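# Tertiary structure, described
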Amino acid sequence: MLGFNEEVFLVLIVIEFILGNLVNSFIGLVNGSHWFKSKKMSLSDFIITSLALFRIFLLWIIFTDGLIIVFSYHIHDSGIIMQLIDVLWTFTNHFSVWLISCLGVFYCLKIASFSHPTFLWLKWRASRVVVGMLWGALFLSCVCTMSLMNEFKIYSVLSGSRGTSNMTEYLRLKTSEYNLMHVLGNLWKLPPLIVSLASYFLLLLSLGKHTQQMKQYSIGSRDQSTEAHKRAIRIIFSFLLLFLFYFLCFLILSFSRFLPGTKIARIIGVVITMSYLVGDSFILILCNNKLKQTFVAMLPCECGHLKPGSKGPFAS
C-alpha cells in the first residue's frame, strides 16, 4: 500500500513526464518538419533539436527511476538496474548540460560585439568553434561515463563475492567509494556552468558598451542590437537560474546516499530534475521565433505578450 508521499510523488512525476515529452516532442517535430521542407538546418536549431531529443530520453530514464523508487526501492541500488540507470543518466545528462552551454556560446558569439582580436577570431568562426565544442562535449561525456563504468566492474565483482566478513567489509568500503564517485561526479558539471557564466557576462559587458555608444551618438536605446542583447541576457540568465536549481538537485541526490533516510531525498531530487527539464524546454520555445510562432498558433486564443509577430533574439 502506497503512502501519501508516494502517491503525491507519482502524480507529480506523471504530470511532469507527460508535459516534458509533449514540449520536447513539439520542439523536435517543428524543427524536424522545417528541416524536411527546406533541406537545411541552422546550427542553433540543430543544438535545440538534439537537446530536445536527449531530454525525452532523459525523462524516460528519470521516470523509470522514480517508479523503481516507489514500487521496488529495495532493488534501487543493486544489480543491473542500478548500472543501466546510472550509466544512461550520466551520459545523457552530462551531454545535455553541455548542449545548453554550447547554445549560450553560439548566441554570445553571434550577438556580442568586442574589438579584441581573439574574440573577433572566434566570432568569425562561430560555427566551427561551437561544432568543436560539441565534439569535445561528446568526448567528455564519454570519459565521465567510462569512469563510472569502471567503478561498476569493481562493484559488481565484489557484490557477487559476498561471504566472508573480510569480503563484506571490503564491499562496504567499495560501496562508500562508489557513492563518493557520485558526489565527485558533480564536478563534471562545473566546466559547462563556467562556460555559460562567461557567455552571460560577455553579453552583459557588450550590452554596457553598446548602450554607451548609443548615448554618445544620441541614438535611442531601443535599437535592434540593444533589444537582442537584452533578450539574450534574460534567456541565458533564465538558463543559469534553472541550471543552478538543477545542480542543487544533483547535490541532493548524490549526498542522499550518505543519509539514513534516502528515499524522501531521492523523491525530492527526481521531482526537481523533471521540473527543470520541463521548464527549460518552455524557455527554449519562447526564445526561438519559429517555435514560438508555431506554439502560439496552436493556442485557442493568443496572449498579448506572445504575439506571433514579436521576434525572439535568436529567430531562425
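Computed from a prediction, not measured in an experiment: that's the story for all the values here.

## With respect to the environment of Leu122
Tracing the backbone shows Leu122 in helix H4 (residues 117-124). Taking the C-alpha atoms as reference points, Leu122 and Leu109, 13 residues apart in sequence, are found 7.2 Å from one another.

## Let's talk about empty space enclosed by the protein
The probe, sized like a water molecule, is rolled over the atoms to show the empty space still left. All chains considered together, the criterion is met by two cavities of 30 Å³ or more. In this structure, the largest cavity encloses a volume near 80 Å³. If you go around the largest cavity, the residues you meet are Val97, Ile100, Ser101, Gly104, Pro192, Ser196, Ile236, Phe239, Leu240 and Phe243. If you list the elements that add at least two residues to the lining of the largest cavity, you get helix H3 (79-111), helix H7 (190-216) and helix H8 (224-255). The class makeup of the residues in the lining of the largest cavity is seven nonpolar, three polar and no charged. The calculated volume of the second largest cavity comes to roughly 30 Å³.

## Topic: the pattern of salt bridges
The full count for this structure, using the stated rule, is two salt bridges. The residue Asp280 makes a salt bridge to Arg55 at a minimum N-O spacing of 2.4 Å. Residue Asp280 is located in helix H9 (residues 262-286), and its partner Arg55 is located in helix H2 (residues 43-71); the two are separated by 225 residues in the primary sequence. Comparing Asp280 with Arg55 shows no difference in burial state: the two are buried.

## Regarding the packing of H2 against H9
The relative placement of two packed helices comes down to the angle between their axes together with the axis-to-axis distance. Their axes nearest at 10 Å, the elements H2 and H9 cross at an angle of 160°. Taken together, the axis directions place H2 and H9 in an arrangement best described as roughly antiparallel. The way H2 lies across H9 gives a crossing that is left-handed. Contacts between H2 and H9 involve Ile48, Leu51, Arg55, Leu58, Leu59, Ile62, Phe63, Asp65, Ile69 and Val70 from the first element and Lys263, Arg266, Ile267, Val270, Thr273, Met274, Tyr276, Leu277, Asp280, Ser281 and Leu284 from the second. Among the residues forming the contact of H2 with H9, the class breakdown is 14 nonpolar, two polar and five charged.

## Comments concerning the confidence of the model for the protein
Low-pLDDT portions of the prediction should not be read for the details of their coordinates. Taken residue by residue, the protein gives an average pLDDT of 76. The fraction at 70 or more is 70%. Confidence scores differ between elements of the protein, with helix H6 (residues 165-184) showing the lowest mean pLDDT of 60 and helix H1 (residues 4-38) the highest of 91. Within the model, pLDDT remains below 50 along residues 160-164, and this stretch shows four contacts once partners closer than five positions in the same chain are excluded. Counted against residues more than four places away or in other chains, residues 308-316, with its pLDDT under 50, gives 31 contacts.

## Re the UniProt feature "transmembrane region" (unreviewed entry) in the protein
Sites flagged by UniProt as "transmembrane region" (unreviewed entry) map to residues 12-31, 52-75, 87-109, 129-149, 190-208, 232-255 and 267-287. Helix makes up 100% of residues 190-208 and strand 0%, whereas the separation of the span's terminal C-alpha atoms amounts to 27 Å. Segment residues 267-287 splits into 95% helix and 0% strand. End C-alpha atoms: 31 Å apart.

## Side note on the side chain of Asn21
Along the chain, the position of Asn21 falls in helix H1. The class of Asn21 is buried, set by a relative accessible area of 14%. Beyond its immediate stretch of four places on either side in the chain, Asn21 contacts Ile56, Leu59 and Trp60.

Parameters and conventions
- Residues numbered from 1 in each chain as written.
- Predicted model: local features only at pLDDT ≥ 70, side-chain atom pairs only at ≥ 80, totals over all residues.
- Heavy atoms only, no water.
- Helix = DSSP H or I, 4+ residues; strand = E, 2+ residues; numbered from the N terminus.
- 1 Å grid on protein atoms, 1.4 Å probe; cavity = no way out; pocket = protein on both sides within 12 Å on 5 of 7 lines; lining within 4 Å.
- Points joined across faces, edges and corners; volume = space filled by probe spheres on them.
- Nonpolar A, V, L, I, M, F, W, Y, C, P; charged D, E, K, R; others polar.
- Salt bridge = Lys/Arg side-chain N within 4 Å of Asp/Glu carboxyl O.
- Buried < 20%, exposed > 50% of the residue type's maximum accessible area, 1.4 Å probe, protein only.
- Axes fitted to C-alpha atoms, helices over the stretch in contact; angles between N-to-C directions.
- Parallel < 35°, antiparallel > 145°, perpendicular 65-115°, else oblique.
- Left-handed = near helix turned anticlockwise from the far one by under 90°.
- Contact = heavy atoms within 4.5 Å.
- pLDDT = per-residue confidence, 0-100.
- UniProt positions renumbered as here; feature names shortened; annotations may be inferred.

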